[in-house]
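Residues per chain are reported as follows:
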Amino acid sequence: MNDNLLEIQGLRKYFPLKKGFFGGTQGKVRAVDGISFSIPRGRTFGLVGESGSGKTTVARAILRLIEPSEGRILWQGKDICRVLGSEMKEIRRNMQMIFQDPHSSLNPRKTVFQSVAEPLVIHERLKGKKLREQVEELLALVGLKREHMFRYPHELSGGQKQRVGISRALSLHPRLLILDEPTSALDVSVQAQMLNFLESLQEKLSLTYLYISHNLAVIRYACDRVGVMYLGRILEAGNTEEVFSAPRHPYTRALVSAVPLPQAEQPAKAILLEGDIPSATHIPSGCRFHTRCPERIGPICAETEPSIRFFPDGSQVTCHLYG
Ligand code: SF4
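The structure contained in this document is the topic of the report that follows. Sequence order sets the numbering: in each chain, residues are counted from 1 along the sequence as written. Totals for whole chains, interfaces and linings use all residues, but because this is a predicted model, local features are given only for residues with pLDDT of at least 70 and pairs of side-chain atoms are given and counted only at 80 or more. In computing side-chain properties, one takes all heavy atoms of the structure into account and sets aside hydrogens as well as water.

1. Section: the nonpolar core
The nonpolar side chains of a soluble globular protein tend to be buried, and buried together.
Alright, step 1. What makes a nonpolar core is a set of buried Ala, Val, Leu, Ile, Met, Phe, Trp, Tyr and Cys residues whose side-chain atoms join them at distances within 4.5 Å. When accessible area is computed with a 1.4 Å probe and restricted to protein chains, residues below 20% of their type maximum are described as buried, those above 50% as exposed, and intermediate ones as partly exposed. Counting residues in each nonpolar core, the largest one holds 53 residues, and the members touching the most others are Val135, Ile166, Leu170, Leu177, Leu198, Tyr209 and Tyr211.
Alright, step 2. Once you skip the residues sitting within four places of it in the chain, leucine 177 turns out to touch Gln96, Ile98, Ala169, Leu170, Leu207, Thr208, Tyr209 and Leu210.
Alright, step 3. Ile35, Leu47, Val83 and Leu210 belong to the second largest nonpolar core, which has 31 residues in total. Any two residues having at least one pair of non-hydrogen atoms within 4.5 Å are treated as being in contact.

2. Notes on the layout of surface pockets
Alright, step 1. Taken as a whole, the largest pocket holds about 550 Å³ of empty space.
Alright, step 2. In this analysis a 1.4 Å probe is tested at points of a 1 Å grid over the protein atoms alone, and where it fits but cannot get out there is a cavity; an open set with protein on both sides within 12 Å along at least five of seven lines is a pocket; lining residues have an atom within 4 Å of a point. Around the largest pocket, the lining comprises 25 residues; the ones closest to its centre are Gln96, Met97, Phe99, Arg168 and Ala169.
Alright, step 3. At the level of elements, helix H2 (85-93), strand E6 (95-98), helix H3 (112-124) and helix H5 (158-170) are the ones that each hand at least two residues to the lining of the largest pocket.
Alright, step 4. Each helix is a run of H or I in the DSSP string that is no shorter than four residues. Each strand is a run of E no shorter than two, and both are numbered from the N terminus. The biggest single contributor to the lining of the largest pocket is H5, with 6 residues.
Alright, step 5. Grid points are joined across faces, edges and corners, and a volume is the space filled by probe spheres set on the points. Estimates place the volume of the second largest pocket at around 220 Å³.
Alright, step 6. In terms of lining residues, the second largest pocket is bounded by 13 residues, among which Glu50, Ala254, Leu255, Ala258 and Leu273 are the most central.
Alright, step 7. Classification used: nonpolar for Ala, Val, Leu, Ile, Met, Phe, Trp, Tyr, Cys and Pro, charged for Asp, Glu, Lys and Arg, polar for all others including Gly. In terms of residue class, the lining of the second largest pocket is made up of 9 nonpolar, 2 polar and 2 charged.

3. Comments concerning the site of the ligand
Alright, step 1. Near residues are defined by distance, with any heavy atom within 4 Å of the molecule or strand qualifying the residue. The environment of the ligand is made up of His249, Pro250, Cys287, Phe289, His290, Cys293, Glu295, Arg296, Cys301, Cys319, His320 and Leu321.
Alright, step 2. Cavities and pockets are treated as containing a molecule whenever more than half of the molecule's atoms lie within 2 Å of their grid points. Given that more than half its atoms are within 2 Å of the pocket grid, the ligand belongs to the largest cavity.
Alright, step 3. Split by residue class, the shell around the ligand holds 7 nonpolar, 3 polar and 2 charged.

4. Let's talk about a nonpolar patch on the surface
Alright, step 1. Any residue with relative accessible area above 30% and no salt bridge may belong to a patch, with like charges joined within 9 Å and the nonpolar Val, Leu, Ile, Met, Phe, Trp and Tyr side chains within 5 Å. Exposure was quantified through the Shrake-Rupley algorithm and a 1.4 Å probe, taking into account, for residues, occlusion by the shown protein chains and nothing else. Think of a salt bridge as a Lys or Arg side-chain nitrogen and an Asp or Glu carboxyl oxygen that are within 4 Å of each other. Taken together, the side chains of Ile297, Ile300 and Leu321 present a nonpolar region at the surface, about 230 Å² in accessible area.
Alright, step 2. Turning to its location among the elements, leucine 321 is positioned in the segment after strand E12 (316-318).
Alright, step 3. Overall, leucine 321 belongs to the partly exposed group, its relative accessible area being 34%.

5. Here we look at the sheet that holds strand E2 (residues 25-40)
Alright, step 1. Strand pairing follows a simple DSSP-based rule, namely that at least 2 bridges must link the two strands. Ordered by their spatial adjacency, 4 strands build an open sheet running E2-E1-E4-E5, and the pairing between neighbours is antiparallel. Edge positions in the open sheet fall to E2 and strand E5 (78-79), since each of these has one partner strand only.

6. Things to note about the pattern of salt bridges
Alright, step 1. For the structure shown, the criterion picks out 22 salt bridges.
Alright, step 2. Here glutamate 70 ties to arginine 12 by a salt bridge, and the two come within 3.7 Å at their closest N and O atoms. Taken together, the positions of glutamate 70 in strand E4 (residues 70-75) and arginine 12 in strand E1 (residues 4-18) put the pair 58 residues apart, joining distant regions of the chain.
Alright, step 3. As a salt-bridge pair, arginine 168 and glutamate 118 come within 2.9 Å of each other at their nearest N and O atoms. Taken together, the residues arginine 168 in helix H5 and glutamate 118 in helix H3 connect sequence positions 50 residues apart.
Alright, step 4. For glutamate 118, a relative accessible area of 26% corresponds to the partly exposed category.
Alright, step 5. Each of Arg12, Arg30, Asp33, Glu70, Arg233, Arg288 and Glu305 takes part in salt bridges that share partners, so that together they form one network.

7. Thoughts on unusual backbone geometry
Alright, step 1. For histidine 173, which is not glycine, the phi dihedral falls at a positive 55 degrees.
Alright, step 2. The topology assignment puts histidine 173 in the loop between H5 and strand E7 (176-180).
Alright, step 3. By relative accessible area, histidine 173 is classed as exposed at 54%.
Alright, step 4. The phi torsion at serine 206 lies on the positive side, around 50 degrees, for a residue other than glycine.
Alright, step 5. Within the element layout of this structure, serine 206 appears in the loop between helix H6 (188-205) and strand E8 (208-213).
Alright, step 6. Owing to a relative accessible area of 57%, serine 206 belongs among the exposed residues under this scheme.

8. A word on the packing of aromatic side chains
Alright, step 1. Pairs were defined over the aromatic rings of Phe, Tyr and Trp, the Trp ring being its six-membered one, requiring ring centres within 6.5 Å. Orientation was assigned from the angle between planes: stacked under 30 degrees, edge-to-face over 60, tilted for the rest. For the coordinates displayed, the defined rule picks out 7 aromatic pairs.
Alright, step 2. Note on tyrosine 230 and phenylalanine 289: the rings are 5.0 Å apart at their centroids and 80 degrees apart in plane angle, and the pair reads as edge-to-face. Of this pair, tyrosine 230 sits in strand E9 (residues 225-230) while phenylalanine 289 is found in the loop between helix H9 (250-257) and helix H10 (299-303), placing the two residues 59 residues apart along the sequence. For the pair tyrosine 230 and phenylalanine 289, one class covers both residues: buried.

Treat this as a map of the structure, not an account of what it does.
Spelled out as structure tokens, the structure:
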């Protein structure tokens, strides 16, 4: 039996680039440019990369907030790009997204009760005592008390707001949570608490997680497997501990060298990448990382796109250094 809850195969999302307000199309933005990964039930996969690497576009495509240009998104083996109407509605209930900024994801004019109750009223038609009980249960699940129920978002801390967003997402009993930078808007002091809480929630509810973050420490803490994204592609993927303790791809090496790690693993010197990530409208020829790569090995890097090399331990890397 296929144990993957979600499988992404060759996903591409290109946006047309318009010439002025009324103008025609002049090229395209290759936001996601052929990525594949899978997440077994109950496990956690992390997509990590700089901003502009295409991570959030992947999440939006999975939720069908945007239509992929190419590729397949398999939910329990079924390609959801071909599913319509009530079947898609049902699948969408099973996938919920937790946003980076808990404040802007809540309506400032609604109390916690109103925000958490809303999906239950719309989708489950709950009301009265049942509705109140259900909201109380959801708030207890995320560690909030009854007294928080009638507060407005501005009366809550960042961590409490994030918990309200999570309880709202949990109200429809999803199986997959997509966590888009779930801790980056929180105080450093509560970031670890939030990660621990998400871990215990996953265990309690048998949830599957897709983490999206630029923060390697978050991904390393939370994820079983990781995909390192750069300009719409996954350049390296594998078991998180292995990828971070012995990165194979020069881009991963540079990212890892720039964050504090246990002393034994810390590279002697941070590897500084030249320049910014190029625009997704002009993806460099050959290896897309060659314009910034400190380990370029000659013209092949600028001329020929490397193919994916798979290793026996289940990891993969896209770089000419590996033949
Ligand atoms: Fe660097 Fe060449 Fe590998 Fe690209 S293919 S990452 S440029 S060594």
